[in-house]
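# Inside the fold
Okay, here's what each chain looks like letter by letter:
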Amino acid sequence: ARDVYARELQVLIDEALAHNRDLALAAARIEEVRADLGLADADRYPEVMLGGNVGRSRVTGKGNMPAGTPLVNNNFKLNLQAAWEVDFWGRYKEASAAARADLLATEFARKSVQSSLTGVVAQSYFALAALDANLRLAQDTLSNRVDATKLQRLRFESGLTSELAMRQSEAELAAIQANLAQLGQQVQQQESTLAVLLGREPRSIMQSNIERGAGLFNLAVPPAVPAGLPSELLLRRPDLRQAEQKLLSSQARIREAGAAIYPNLTLTANLGSESKALADLFSGPAGIWGLAAGLSQTLFNAGRTEAAVNAAAARQDQAVIAYEQAVQTAFK
């Protein structure tokens, strides 16, 4: 019977892991952060673009152009351009490291939701089983109290007991009936709560019918936790790993913000061809190319860079506090 009970609970846990909305939302967040990581990594590499232009223009012979200038000009151009900002100070490297830590934190957050969901489903199932047991006990008590009240009424009608004793028995019967109705309502509420955790549709929630298994009294007693467990077990907790990765991300964000203080070096290059006739576009004389390097340094931005560094430092302080809180919770 205990195997049947455990099997039914496992079925409910599997259903919750497959359909729970909170878990699905956590999984969707992972995909969002993974895309952000792709964007951060892309900034570390050159950007290459291919462009082409086709133009046709007419000029007047009465203007500033020489008399022999054609009135109609054609222009064909095909150009390959590349640009790359040299990451001397590690700005993009730190942004990529922060995004990677954010991704790991989000993945651990999903595992934390999964772990919590499993525990809540089990607790709700046990609570439902306990309510079922109380309901059956109340029904048995009600049956016995009905018989006792009938007996008290017969004794009163026969003059063997007082009316007070009969009324007390009726009051006890009414109290048991009220408790039975309350227990029935609690069972329905607990079924609805568990149906929401399982991710069922609204109609199924309103008409919830949770399979019970073998019953509460067939539940196997869990094994005792042995003494002397190493504290390194805490590192297996997803909530602690999530807080750790958030702390690493905040540290990388500080270094990223600090790198913005230094100059930026950008390299650009282009290669292509340009001609008046389309037939000459890919000929040797039509070839064009260019190389350039640019250096820029922010001289004044009203303290924006310093404010970004201070904000990143404040977020790191928050991450440290959150990590300490996660460690305390894990030990608890």
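Treat the numbers as computed from the prediction; the structure is a model and nothing was measured. (Residues numbered from 1 in each chain as written. Predicted model: local features only at pLDDT ≥ 70, side-chain atom pairs only at ≥ 80, totals over all residues. Heavy atoms only, no water.)

### Topic: empty space enclosed by the protein
For the coordinates displayed, the defined rule picks out one cavity of 30 Å³ or more. Of the voids in this model, the largest cavity is the one considered here, and its volume is about 50 Å³. Listing elements by their share of the lining of the largest cavity, those giving two or more residues are β2 (72-86) and α3 (91-157). Residue classes in the lining of the largest cavity are distributed as six nonpolar, one polar and three charged. (1 Å grid on protein atoms, 1.4 Å probe; cavity = no way out; pocket = protein on both sides within 12 Å on 5 of 7 lines; lining within 4 Å. Points joined across faces, edges and corners; volume = space filled by probe spheres on them. Helix = DSSP H or I, 4+ residues; strand = E, 2+ residues; numbered from the N terminus. Nonpolar A, V, L, I, M, F, W, Y, C, P; charged D, E, K, R; others polar.)

### What about the pattern of salt bridges?
One side chain can pair with another of opposite charge once the charged atoms of both are near each other. Within this structure, the stated rule accounts for 14 salt bridges. The residue Glu94 makes a salt bridge to Arg255 at a minimum N-O spacing of 2.9 Å. Of this pair, Glu94 sits in helix α3 while Arg255 sits in helix α6 (residues 238-259), and the two are 161 residues apart along the sequence. You can call Glu94 buried: its relative accessible area is 16%. In this structure, Arg253 and Asp102 form a salt bridge, with 3.2 Å as the shortest nitrogen-oxygen distance. Of this pair, Arg253 sits in helix α6 while Asp102 sits in helix α3; the two residues are 151 residues apart in sequence, bridging distant segments of the chain. Sharing partners across several salt bridges, the network here consists of Arg153, Glu163, Arg167 and Glu170. (Salt bridge = Lys/Arg side-chain N within 4 Å of Asp/Glu carboxyl O. Buried < 20%, exposed > 50% of the residue type's maximum accessible area, 1.4 Å probe, protein only.)

### Description of the sheet that holds strand β1 (residues 47-58)
Pairing is antiparallel in the open sheet, where four strands are placed in the order β1-β2-β3-β4. Two strands bound the open sheet, and with one partner strand each, they are β1 and β4 (287-296). Taking the axes of each pair of neighbouring strands and ignoring which way they run, one obtains an average angle of 20 degrees across the sheet. Bridge count for β2 against strand β3 (residues 264-275) is 11 bridges, and the pairing is antiparallel. The residue of β3 that forms the bridge with Leu80 is Leu271. (Pairing = 2+ DSSP bridges. Axes fitted to C-alpha atoms, helices over the stretch in contact; angles between N-to-C directions.)

### Observations concerning unusual backbone geometry
The phi dihedral of Ala302 is positive, around 60 degrees, even though this residue is not glycine. Relative to the elements of secondary structure, Ala302 occurs in the loop between β4 and α7 (304-331). Take Ala302: its relative accessible area is 64%, and that puts it in the exposed class.

These values are about where atoms sit, not about what they do.
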